[in-house]
Amino acid sequence: MAFFELSDMPMAVLDAERRVQSANAAWAALTGRRPEALAGLFLAEALPEEAARRRPFEIRSADGQTRRLRLDIQPSGASALAMLVDVTAETAEISALRDDDAMREQLLRDATIGVWRYDPDTQLYHFQTSLDLGWGISAATDLDAVTRIQHRDDAPLDAEARETITRKGGQAEREIRYRHADGSWVHLNVRYRSGRKTPSGRYEMFGLSQNVTPQARARDEARAAAQRLRLALHGARAAVFEYDYATRRFWATQELAELVDPALLAQAAGEPLALFHVEDRSAIVEMRRQAARGEAAAPLDVRVPAPRGERWMRFYLEVERRNGAPRRAVGLLLDIDEQKRQAIALAEARRVAEEATAAKSAFLASVSHEIRTPMNGIVGVLNLLAREPLSEGARELLGEALGCSEMLGQLINDVLDFSKIEAGKLEISPAPADPVRIAQSVASLIRPQAEAKGLALRTQIAPDIGWLSVDAVRLRQCLFNLLGNAVKFTEAGHVELRMSVVDAPGGRRLRCEVEDTGIGIPASAQDKLFDRFTQAEAGATTRRYGGTGLGLAISRTLARLMGGDMGFESAEGQGSTFWFEIAAEPAEAPQAAPAAEAGAAPLAGLRILVVDDNAVNRLVGCKTLEALGAEAASAEGGEAAIAAVREGGFDLVLMDVNMPGMDGLEATRAIRALPGGALPIIAMTADVMAHHRGRYGAAGMDGVVPKPFSPAQLLAEIVRLLSAPDGDQAKASA
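Residue positions are counted from 1 within each chain, in the order its sequence is given. Given that this is a predicted model, residues contribute local features only at a pLDDT of at least 70 and side-chain atom pairs are listed and counted only at 80 or more, while totals for whole chains, interfaces and linings are drawn from all residues. For side-chain calculations, the full set of non-hydrogen atoms in the structure is used, while hydrogens and water are omitted.

### Some details on the overall build of the chain
Definition in use: Only DSSP runs of H or I covering at least 4 residues are called helices, and only runs of E covering at least 2 are called strands; the numbering of each starts at the N terminus. Burial classes follow relative accessibility: with a 1.4 Å probe on protein chains only, a residue under 20% of its type's maximum area counts as buried, one over 50% as exposed, and anything between as partly exposed. Should any heavy atoms of two residues lie within 4.5 Å, those residues are considered in contact. The protein chains shown are the only cover counted for residues, whose accessible areas, like all others here, come from Shrake-Rupley with a 1.4 Å probe.
The helix and strand inventory of the chain stands at 24 helices and 29 strands. The buried share of the chain, reckoned over its 734 residues, is 40%. Taking as baseline every contact in the chain between residues at least 6 positions apart, the subset at least 24 positions apart corresponds to 57%. Carbon and sulfur atoms make up 53% of the accessible area of the chain, which totals about 39,000 Å².

Below you can see the structure in the form of structure tokens.
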């Protein structure tokens, strides 16, 4: 009885009708009533209110903790003992187990992992719900329902495993694809195992299925990528190799054995450098060091010994680093043998062609220069004859000879310009010039030819052109070519030169147009009109009109070098209009150079030395100077010129540049070193480009007269130099 009264467990004694006969203090405290107040109450009335709603029931104790109690009744004869047992810990553990089971079930469902059993006698599968794949398959599913959702390629694998294990026992493992209810394929790794024997004598089969779809897809993608790589490597004739720095292990794809000498592969296992040609190894070593430092290594074209001879490969290298040190190197060898050999052959062909072009250009320049030597004599003699008293018929013949010499000079200029274009040495030297005066001068030169054919040669020049920064020589050359062609190919009517200044996006341009009423250009010939050595209807045209076909090609090149272009409009039988534009910014007119006084002897009182290795040129030079009033002496080479100047008495030297032995530049430098060597020196040469003039000025020459020269050109240059203030003579390089 003492135990009943003192126990912490709420207890009550019940009679046969389940009325409380007595309750201990713990029961009374739980219900909030005195023990005597509980006597005579039915059990349901003596329980806390929570017990009527839920069993076991929860109560909150005075210390704020929640307890779970369960009512236990133990009969004892006509009476019974009611106890409220504390099951708080027990229910918590059960709840935790239930939560674990629920979580496990959810995990299995999410991962599609489950256990199943197959009965061969009934042909029924018993699945966990985690394996229903969205189909809502019941726990017992017939074999047909399972095979219907299997991939047709995998169904035979599953059938073979099922047949073998249910008849012979044992275990197996397969990867089987199943159709999910959403239409996708799920890869299950299925493990089969035999169980007990069934009444039919066959074995029951158990299994565990696990969803391995992500792994299977990754594996299949890796296989597909590897297959694509193999196909790409095979198609591109390429190979990949890898070298592990730590283990010194060498690995290569199968393609490498097909590309290189098989004997090299064994050597490459110890040193990959053995794969390459001896002469290429130093470059590869540097490439490997660069990549090992973590720098980007440019690919190399290298030679690799192959079964059918040496082959060119393009070598790419990447090095993987870890903690600052190289870990492994991956190389790619790409077969470029055919392309490389073609490139080498092309480069060799280009070199040969460039050498041939250079030789041709040098030959043309040399020939042109050599032609100028007799031309200089011819033109000089003709100009000297023009100063002599002649009959009217003789003067007419002399005029024809001078005209022919001028045409021949233009042809030589074209050939020389062509050689310069071929060599990439044609230069443009813009300077302040008066385009109107240049146009009028060219028109005056061409007009006699036009009048001889009965053509009207007109000029239409805008009044606001003024002085412009252009290359006067090249502008004159373009105008001369276009006007000369227009007169040449026009039998009747007129030729008109128009000149104006136009605004363009890149700045102001000088525009020149030459219109004619000539034969025109057939449509079939227009596309190739600017080709070198080409004329429209070349055979007949060349025979009838003459010419080399160089003029237009050179003129358009000049126009483009001067910042513009050249083009034309033409209709066969109706004439043509050729035009060109060149960059031409406004310029200040230069101070006029002093002109020679008109008279029979403008150079009277001067003593001039003519230096030339050609006797005719010396004769022409001396006679021309004497005709202008000067006293002339000659020297046939550089050494003779130095000796003559050393003796003194000369006011100026005309110095040929290209002479055998000591040339004009060397002779000039030697003269400048003499005590009396400060006299003006003029270069007389056919080479008058800007870089030539720079060399002349650097050697100490003061001016340049181009060969073949006219008396007017020679006189103007001499007057310019002798009129300049002392110490301020314009150098040729200026």
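### Things to note about the packing of aromatic side chains
Note the cut-off: Each pair of aromatic rings taken from Phe, Tyr and Trp, with Trp reduced to its six-membered ring, is defined by centres within 6.5 Å and is described as stacked if the planes are under 30 degrees apart, edge-to-face if over 60, and tilted in the remaining cases. We call a charge positioned over a ring when the NZ of a Lys or the CZ of an Arg lies within 6 Å of the ring centre and within 35 degrees of the ring normal.
This model, assessed by the stated rule, comprises 9 aromatic pairs. Aromatic ring contacts, followed pair by pair, group Trp-116, Tyr-118, Tyr-125, Phe-127 and Tyr-192 into a single cluster. If you follow Lys-340 out to its NZ or CZ, it ends over the ring of Trp-312, 5.1 Å from the centre. The residue whose ring lies beneath Arg-607 is Phe-650, and the NZ or CZ to ring-centre distance is 4.0 Å.

### Observations regarding helix H20 (residues 615–627)
To keep things clear, this is the line we draw: By this rule, a helix spans an expected 1.5 Å times one less than how many residues it contains. Polar contacts here mean pairs of N or O atoms no more than 3.5 Å apart (in protein, one a potential hydrogen donor and the other a potential acceptor; neighbouring residues in sequence count only if both atoms are side-chain atoms).
With 13 residues, H20 extends 18 Å from end C-alpha to end C-alpha; this agrees with the ideal 18 Å at 1.5 Å per step. Along H20, the residues that are buried comprise Asn-617, Arg-618, Val-620, Gly-621, Cys-622, Thr-624 and Leu-625. Sitting at the amino-terminal end of H20 is Asn-614, which places a side-chain oxygen 2.9 Å from the backbone nitrogen of Val-616. Positioned one or two residues after H20, Gly-629 has a phi angle of 100°, which is positive.

### Focus on unusual backbone geometry
In terms of backbone geometry, most residues other than glycine have negative phi values and most peptide bonds are trans. Of note in the backbone geometry, Gln-123 takes a positive phi value of approximately 55° without being a glycine. We note that Asn-323 has phi near 55°; this positive angle belongs to a residue other than glycine. Of the residues examined, Asn-323 reaches a relative accessible area of 80% and is grouped as exposed.

### Details of empty space enclosed by the protein
Basically, it comes down to this: Computed over the protein atoms alone on a 1 Å grid, cavities are sets of points where a 1.4 Å probe fits but cannot get out and pockets are open sets with protein on both sides within 12 Å along at least five of seven lines; a residue lines them when it has an atom within 4 Å of a point. Grid points are joined across faces, edges and corners, and a volume is the space filled by probe spheres set on the points. Any residue outside Ala, Val, Leu, Ile, Met, Phe, Trp, Tyr, Cys, Pro, Asp, Glu, Lys and Arg is labelled polar, Gly included; the first ten of those are nonpolar and the last four are charged.
Tallied over the full model, the rule gives 4 cavities of 30 Å³ or more. Within this model, the largest cavity holds a volume of roughly 170 Å³. Phe-127, Val-146, Tyr-178, Leu-188 and Ser-209 are the residues nearest the centre of the largest cavity, which is lined by 15 residues in total. Contributions of two or more residues to the lining of the largest cavity are made by strand S7 (124–127) and strand S10 (185–197). Element by element, the count of residues in the lining of the largest cavity is highest for S10, at 3 residues. Residues belonging to the lining of the largest cavity are distributed by class as follows: 12 nonpolar, 2 polar and 1 charged.

### So, a nonpolar patch on the surface
Basically, it comes down to this: Within the patch definition used here, like charges are joined within 9 Å and nonpolar side chains (Val, Leu, Ile, Met, Phe, Trp, Tyr) within 5 Å, considering only residues with over 30% relative accessible area and no salt bridge. We define a salt bridge as a side-chain nitrogen of Lys or Arg found within 4 Å of a carboxyl oxygen belonging to Asp or Glu.
Side chains of Val-381, Leu-385 and Leu-390 sit close together on the surface and give an oily, nonpolar patch of about 200 Å² of accessible area. Checked against the element boundaries, Val-381 lands in helix H13 (residues 337–386). Relative accessible area serves as the criterion here: at 37%, Val-381 is assigned to the partly exposed category.

### Describing the packing of helix H16 (residues 472–488) against helix H19 (residues 551–561)
Here is the rule we go by: Throughout, an axis means a line fitted to C-alpha atoms (over the contacting stretch in the case of helices), and angles, computed between N-to-C directions, take values from 0 to 180 degrees. By definition, any crossing whose near helix is turned counterclockwise from its far helix by less than a right angle is left-handed, and any crossing with a clockwise turn is right-handed.
Closest axis-to-axis distance for the H16/H19 pair is 10 Å, and the angle between their directions is 145°. As for the relative orientation of H16 and H19, their crossing is left-handed in sense. Here H16 contributes Arg-474, Gln-477, Cys-478, Asn-481, Leu-482 and Asn-485 to the contact with H19, which in turn contributes Gly-551, Leu-552, Ile-554, Ser-555 and Leu-558. Tallied by class, residues from the contact of H16 with H19 come to 5 nonpolar, 5 polar and 1 charged.

### Focus on the pattern of salt bridges
In the structure shown here, the tally under the stated rule is 42 salt bridges. For Arg-70, the salt bridge is made with Asp-72, and the minimal N-O distance between the two is 3.2 Å. A relative accessible area of 30% places Arg-70 in the partly exposed class. Asp-158 is the partner of Arg-162 in a salt bridge, and the nearest nitrogen-oxygen pair spans 2.6 Å. In this pair, Arg-162 and Asp-158 are both assigned in helix H8 (residues 155–168), 4 residues apart and thus about one turn of the helix distant. A cluster of three or more residues bridged by salt bridges with shared partners is formed by Arg-458, Glu-496, Arg-498, Arg-509, Arg-511, Glu-513, Glu-515 and Glu-581.

### Overview of the sheet that holds strand S11 (residues 203–211)
How we decide: By this definition, two strands are paired if DSSP reports at least two bridges between them.
Taken together, 6 strands build an open sheet; the order of strands is S8-S7-S6-S11-S10-S9 and the sheet is antiparallel. Strands with a single pairing partner mark the edges of an open sheet, and in this sheet they are strand S8 (140–142) and strand S9 (171–179). Adjacent strand axes in the sheet meet at a mean angle of 30° when their direction is disregarded. Across 8 bridges, S10 lies against S11 in antiparallel orientation. What sits directly across from Asn-189, in S11, is Gln-210. Across the sheet, H8 is in contact with strand S6 (114–119), S7, S9, S10 and S11; its angle to S9 comes to roughly 145°.

### A closer look at helix H22 (residues 664–672)
Residues three or four positions apart in an α-helix share a direction because the helix packs 3.6 residues into each turn. Test applied: Working note: the arc is built from the helix axis to C-beta atom directions.
Along H22, the residues classified as buried are Gly-664, Leu-665, Ala-667, Thr-668 and Ile-671. One face of H22 carries all of its buried residues, which in axial projection span an arc of 160°. With a side-chain oxygen lying 3.2 Å from the backbone nitrogen of Leu-665, the N-terminal cap of H22 falls on Asp-663.

### Some remarks on the nonpolar core
To keep things clear, this is the line we draw: Buried residues of nine kinds, namely Ala, Val, Leu, Ile, Met, Phe, Trp, Tyr and Cys, make up a nonpolar core once their side-chain atoms join them within 4.5 Å.
Counting 42 residues, the largest nonpolar core has Leu-475, Leu-479, Leu-483, Leu-510, Phe-578, Phe-580 and Ile-582 as the members making the most contacts within it. Elements supplying a minimum of two residues to this core: helix H15 (435–452), strand S19 (468–470), H16, strand S20 (494–504), strand S21 (507–516), H19, strand S22 (565–571) and strand S23 (575–583). A total of 8 residues in this core trace back to one element, the largest contributor, which is H16.

### Here's the deal with the pairing of strand S3 (residues 57–60)
Along S3, the buried face is formed by Phe-57 and Ile-59; none of Glu-58 and Arg-60, which line the opposite face, is buried. Here S3 runs beside strand S4 (residues 66–76); their pairing, made up of 4 bridges, is antiparallel. Its bridge partner being in S4, Ile-59 is matched across the sheet by Arg-67.

All quantities given are derived from atomic positions and should not be read as evidence of function.
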